[in-house]
Amino acid sequence: MQEQYPFAEIESKWQAYWRAQGQFKADLSKTDRKFYCLMMFPYPSAALHVGHGRNYIIGDAVARYKKMRGYNVLTPMGWDAFGLPAENAAIQTGTHPRLTTLANIATMKRQLDAWGCCYDWDCEVTACLPDYYRWTQWLFLQFFKRGLAYKALAPVNWCPGCAAVLANEQVIDGGCWRCESPVQEKRLEQWFFKITAYAQRLLDDLAKLKGWPERVKLMQQNWIGRSEGALLEFPLVPRPDGRCDSAKSVGCFTTRVDTIYGCTYMVLAPEYPDLPELVRGLPQETPVRQFIAQAIKITAAERAGDAGEKNGVFTGRLVINPYTGEKIPLWVGDYVVMSYGAGAVMAVPAHDTRDWAFARKYGLPIRLSIQNPEKTLRLETMAQAYVEDGLTVDSGAFTDLPSAEARARMTAYAVEKRFGRAFVAYRLRDWLISRQRYWGAPIPIVYCQACGIVPVKEKDLPVLLPEDVEFKPTGESPLARCPDFINTSCPTCGRSARRESDTMDTFVDSSWYFLRYLSACDERQAIQTELCNRWLPVDQYIGGIEHAILHLMYARFFTKALYDLGLVGFDEPFANLFTQGMICKRSAKDGQLYKMSKSKGNVVSPDELIRKYGADTVRLYTLFIGPPEKDAEWSDQGIEGAARFLKRLWRFIYAHHAVLAAAKPVRPELATLNARERELYRKAHETIQAVTGDLEGAFHFNTAVARIMELLNAVEAIQLAAGARDQEKAVMRFALETIVLLLSPLAPHIAEELWVELGHAPGILQVAWPTADPAALARDQVEIALQLNGKFRGTMMAPSGSDRQALEDLALAQPQIAKTVKREQVLKFVVVPNRLVNIVVKS
RNA sequence: GCCUGGGUGGCGGAAUGGCAGACGCAUCGGACUUAAAAUCCGAUGGCUUAACGGCCGUAAGGGUUCGACUCCCUUCCCAGGCACCA
């Protein structure tokens, strides 16, 4: 054993050992005590930085810990390898995305190895290779067959930066999730997955996800946005010019039917499909058309940013309030959203903030239909809408009912009179999956003049991405300009036809990869149902909070759809989810704290740090940096602490190597230990207990590392001499072995090496995780806190398990108490056995 | 605006009703060294005291309790999610 901690040498040695021994090869045939440990697979950008590392280091620590606890652990890794950055790089440099992607994968794989993160590489999947995307296409066809994939003309989010459309989930604050360009609304024909068909199940089944963070479930719940209400038809008053309308009524969705008697007008969204027809030939046609043109032009971001200012125009048409028979004006307004509910709202200005503002602006009537419990609302004195529930007033047969009851009875009335029904609206929209870009899985569809939209035959999959393509983005897929790709024959009639030129959103690729790991090399089928049913749901999923809605909702949707298709026998993919916080670093430019990213120029490369300190140091610091679910600031100085700790551990074992080697390998006998030995022995067991609790429960790696550091501090406080008693040597050896074992999931290389130096056979992962001995944890004497009227007044020692009376007597006998307090003065003793005595006296 | 988290030394953080500040970073002092680095030892919330000690202190204010960083109420601030969603 050498004096200096030779991290570089031992790290490559043990990495080779793990690989050679196949330490992380899962035996898929055995599923008793199975543990599927999954980390979100990375997008192969240029290289990993220490911020990415948190995910893999936590995952690796969990996998190693579970292995030592005797689980059959599956930890696969793969690559979310399709995506825009590689294509954008190709536009700039001319290098094909396939080449840069594969080169990046090689780099990142090397980095993961260097970190000591171990995976079963036999299960590796790479989303951009035909043997993977072939099955992504196959799944698309299954969805298509079931009507879950459809093409529709719809207003979509267009990102001018990426020259492609985006799904709703990919629009953040009106901008593109990737490049932050303001998103524009366009009407385009696009492919969608019918995720809304699963809205209710996605919502309901959140309750099943006991092992998910509450905030992630809440975010999904908000995103799905379920609202219960009623769908009501307002009959159209016939046109003044006597011509006919194709629609007889205008439907609207409301959650507040109870306010209907206060409804004084109705508003349509500018995009309302029937609107042009409704106004055709009327004097209002021109102003309405102008208004529509203007409203549609402004982007979603502008609309959101300008919330508050509401604009609209009268359509010249009237509708009839089906409850009152009253004729009310029909308006068009830019505050009504087409894609929610029915694209129309019944306006109750007295009881809705937006309607209030609109009515005030355009001088529309305001009528009170809900009274507050104090019955103090007067229209003349109201400064804003009263939006709470209350009691109905001036509501005909429904007057004087509590809001909830009014809603129930009014909805029932609508059903009875056949002008409405109860309805549930969701905020969730269908998932727009087509992208006008090259580097993705082609959508396996063919357009035939005669047969229309025709799916590619399954036996003809994959639809291969052509190699030689002009990448420049124009808003049309580069594939559309590739005649060899585009021109094909119809799978049904054989006549000449065109291929779909759009590719799939890369979130499609990542919605099922965790299933493919179980059969990565299967050329006959996408998913091995039996195997998946035995290994899933995933026991522990680990990834970033940024996917709380995006990937995590898409993957849940896919799993449910595949369940319905009979391809898997479970309907939730991830039983337990852990979302780690991001690693941030101050920017050298402006001193602000940013998420580590290449664009901010604040990345720290692991390569250099591993060269300087070793992988174990980087791992230990990454785990110690703070609570893993919270964001943390990377500190170049902080890592020194982790480095010092490992060096101290190494040096201590080096310095006592001979003594320890000479020690008889005996288990310490409690009864024969002296006080000092007993203390260290207990500390070791306390550490086992604490660290196990930290790893088992909520992944408190930061406190686990702190406990192990404490144990080393206690060890170092004892100078073990060559002539020390056998018992002392035995306790010392036990404490050191405990440190090494507890450290092995966190800093595995040094743990393997020191385990061997302590005289054991190689292969610490095969060693059982230690358990704390209750007898060793027990104490004869305990320290008890003394309080006088709740204020701390020192401590005293007492025999463990002393009863209340004994503790009271002992407390009164303590000099600092006896000085000022006599028993007669005591009003009350508060005794917490083994912890505290509080003496309450009259003050 | 609504919904979630948070706010503790110079810094990252620990403690979830019972000795606030574990562990680490930084800083200061000392040892070793010709010197420096590395390493080791010690100090390190504020005020006060010659000292023992005392008082104050977990965003602010109030409450519950023998006892509150922890529970409750009010306010402020920060972060995240949703947002003309009817």
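Nothing here was measured: the structure is a model prediction, and the numbers come from that model. (Residues numbered from 1 in each chain as written. Chains lettered and ligands numbered in written order. Predicted model: local features only at pLDDT ≥ 70, side-chain atom pairs only at ≥ 80, totals over all residues. Heavy atoms only, no water.)

Q: Any details on the overall build of chain A? Residues and values, ideally.
A: Within chain A, the regular secondary structure consists of 28 helices and 34 strands. Projected onto its principal axes, the C-alpha positions of chain A cover 115 × 85 × 55 Å. Here chain A holds 843 residues, and 54% of them are scored as buried. Here the contacts in chain A between residues at least 6 apart in sequence split such that 73% fall between residues at least 24 apart. Taking the 100 positively charged and 95 negatively charged side chains of chain A as two groups, their mean positions are separated by 1 Å. (Helix = DSSP H or I, 4+ residues; strand = E, 2+ residues; numbered from the N terminus. Buried < 20%, exposed > 50% of the residue type's maximum accessible area, 1.4 Å probe, protein only. Contact = heavy atoms within 4.5 Å. Lys, Arg positive; Asp, Glu negative; His and termini not counted. Charge placed at Lys NZ, Arg CZ, Asp CG, Glu CD.)

Q: Any details on the packing of aromatic side chains? Residues and values, ideally.
A: The geometry of an aromatic ring pair comes down to the distance between the two centres and the angle between the two planes. Considering all chains together, one arrives at 53 aromatic pairs under this definition. A ring pair is formed by Tyr 265 and Phe 358, whose centres lie 5.8 Å apart and whose planes are at 25 degrees; its orientation type is stacked. One end of the pair, Tyr 265, is in strand S12 (residues 265-268); the other, Phe 358, is in helix H11 (residues 353-362), with 93 residues separating them in the sequence. As far as the burial class goes, Tyr 265 and Phe 358 line up, both buried. An aromatic cluster of three or more residues is present, and its members are Phe 140, Phe 143, Phe 144, Trp 177, Trp 191, Phe 193, Tyr 198, Trp 431, Phe 507, Tyr 554, Phe 557 and Phe 558. (Phe/Tyr/Trp six-rings, centres within 6.5 Å; stacked < 30°, edge-to-face > 60°.)

Q: Kindly report on the domain arrangement of chain A, identifying the contributing residues and their values.
A: If you check the domain split of chain A, you get domain 1 (137-194 + 430-507), domain 2 (226-426), domain 3 (606-777) and domain 4 (781-841). Each of domain 3 and domain 4 has a C-alpha centre, and these two points are 37 Å apart. (Domains from an automatic or database assignment.)

Q: Pulling in residues and values, what's your account of the packing of helix H19 (residues 615-624) against helix H25 (residues 748-757)?
A: Running from N to C, H19 and H25 point in directions that differ by 120 degrees, and their axes come no closer than 7 Å. With respect to their mutual orientation, H19 and H25 come out oblique. Across from Ala 615, Asp 616 and Arg 619 in H19, the residues of H25 making contact are Pro 748, His 749 and Ile 750. (Axes fitted to C-alpha atoms, helices over the stretch in contact; angles between N-to-C directions. Parallel < 35°, antiparallel > 145°, perpendicular 65-115°, else oblique.)

Q: Please set out the pattern of salt bridges residue by residue, giving values where relevant.
A: This structure, assessed with the given rule, holds 48 salt bridges. For Asp 205, the salt bridge identified is with Lys 560, shortest N-O distance 2.4 Å. Taken as a pair, Asp 205 in the loop between helix H6 (199-204) and helix H7 (214-224) and Lys 560 in helix H17 (residues 550-564) lie far apart in primary sequence, 355 residues in all. With respect to burial, Asp 205 and Lys 560 carry one shared label: buried. With a shortest N-O distance of 2.6 Å, Arg 707 and Glu 710 are connected by a salt bridge. Taken together, the residues Arg 707 and Glu 710, both in helix H23 (residues 701-716) and three residues apart, mark about one turn of the helix. Note on Arg 707: relative accessible area 31%, which makes it partly exposed. Glu 710 sits in the partly exposed class, given a relative accessible area of 33%. What you see here is one network of salt bridges that share partners, running through Asp 205, Lys 208, Arg 556, Lys 560, Asp 571 and Glu 572. (Salt bridge = Lys/Arg side-chain N within 4 Å of Asp/Glu carboxyl O.)

Q: So, the sheet that holds strand S28 (residues 583-586): which residues are in play, and what are the values?
A: Pairing is mixed across the open sheet formed by three strands, whose spatial order is S29-S28-S30. Each end of this open sheet is capped by a strand with a single partner; those strands are strand S29 (593-595) and strand S30 (632-633). Here S28 runs beside S30; their pairing, made up of two bridges, is parallel. Residue Cys 584 lies in a different strand from S30, and its bridge partner there is Glu 633. (Pairing = 2+ DSSP bridges.)

Q: Residue-level account of the protein's contact with RNA strand B, with values.
A: Taken together, 51 residues lie around RNA strand B, and Thr 255, Arg 354, Arg 427, Glu 783 and Asn 838 are the ones closest in. Within 4 Å of the protein, the atoms of RNA strand B are drawn from sugar and phosphate moieties in a proportion of 64%. At 2.5 Å from a base oxygen of RNA strand B is found a side-chain nitrogen or oxygen belonging to Lys 310. Gln 787 is positioned with one of its side-chain polar atoms (N or O) 3.0 Å from a base nitrogen of RNA strand B. (Near = heavy atom within 4 Å. Polar contact = N/O pair within 3.5 Å; in protein donor to acceptor, adjacent residues only side chain to side chain.)

Q: Describe the state of the cysteines, listing the residues and the values that go with them.
A: By definition, a disulfide links the sulfur atoms of two cysteines through a covalent bond. Applying the stated criterion to the full structure yields zero disulfides. Cys 263 provides the cysteine sulfur closest to Cys 252, a residue in no disulfide bond, and the two sulfurs are 7.2 Å apart. Residue Cys 252 is classed as buried on the basis of its relative accessible area, which comes to 0%. (Disulfide = S-S within 2.5 Å.)

Q: An account of the sheet that holds S12 is requested, with residue identities and associated values reported.
A: One open sheet accounts for four strands, arranged S13-S14-S12-S15; its pairing is mixed. The sheet terminates laterally at strand S13 (312-320) and strand S15 (344-347), the two strands that pair on one side only. Across the sheet, the mean angle separating the axes of adjacent strands is 25 degrees when strand polarity is ignored. Bridge analysis of S12 against S15 gives four bridges, and the strand direction is antiparallel. Within S15, the position partnered with Val 267 by the bridge is Val 345. Against the sheet, helix H9 (residues 285-297) engages S13 and strand S14 (327-333), with an angle of about 120 degrees to S13.

Q: I'd love a proper account of helix H1 (residues 7-21), names of residues and values included.
A: Here H1 is 15 residues long and its end C-alpha atoms lie 21 Å apart, about the 21 Å a rise of 1.5 Å per residue gives. Those residues of H1 lying buried are Phe 7, Ile 10, Glu 11, Trp 14, Gln 15, Tyr 17 and Trp 18. Down the axis of H1, the buried side of the element spans an arc of 160 degrees, and every buried residue falls inside it. Within H1, the exposed residues directed more than 90 degrees away from the buried face are Ala 8, Glu 9, Arg 19 and Ala 20. For H1, the elements touching its buried residues are helix H2 (50-68), helix H4 (97-114), helix H18 (606-613), H19, helix H20 (638-655) and H25. Backbone geometry just downstream of H1 places Gly 22 in the positive-phi region, at approximately 60 degrees. (Expected span 1.5 Å × (residues − 1). Arc of directions from axis to C-beta.)

Q: Residue-level account of helix H27 (residues 804-813), with values.
A: One full turn of an α-helix is made of 3.6 residues, so residues set three or four places apart face in the same direction. Buried within H27 are the following residues: Leu 807, Glu 808, Ala 811 and Leu 812. Down the axis of H27, the buried side of the element spans an arc of 130 degrees, and every buried residue falls inside it. Residues of H27 that are buried make contact with strand S31 (781-788), strand S32 (791-799), helix H28 (815-818), strand S33 (826-832) and strand S34 (836-841).

Q: Run through the environment of Tyr 56, naming residues and quoting values.
A: On the secondary structure map, Tyr 56 appears in helix H2. Taking the C-alpha atoms as reference, Tyr 56 lies 10 Å from Gln 580; in sequence the two are 524 residues apart. Discounting chain neighbours no more than four positions away, the residues touching Tyr 56 are Met 39, Met 40, Pro 42, Leu 48, Met 77, Leu 112, Cys 117 and Tyr 119.

Q: Describe the pairing of S12, naming the residues involved and giving the relevant values.
A: Residues Tyr 265 and Val 267 line one face of S12 and the alternating positions Met 266 and Leu 268 line the opposite face, and both faces are buried. Of the strand pairs in this sheet, S12 and S14 are connected by three bridges, and their pairing is parallel. Paired with Val 267 across the strands is Trp 331, a residue of S14.

Q: Account for the pairing of S13, with residues named and values stated.
A: Pairing of S13 with S14, which is carried by seven bridges, proceeds in the antiparallel orientation. Each residue of the ladder has a partner; that of Gly 312, found in S14, is Gly 333. Counting the residues between successive antiparallel strands, the hairpin from S13 to S14 contains six residues, one of them, Gly 325, with a positive phi of roughly 75 degrees.

Q: Tell me about the confidence of the model for chain A, and please be specific about residues and values.
A: One rule of thumb: low pLDDT means the predicted coordinates there are not for detailed reading. Across chain A, the average pLDDT comes to 91, with 98% of residues at 70 or higher. The least confident element of chain A, judged by mean pLDDT, is helix H10 (residues 300-305) at 53; the most confident is helix H15 (residues 513-516) at 98. (pLDDT = per-residue confidence, 0-100.)

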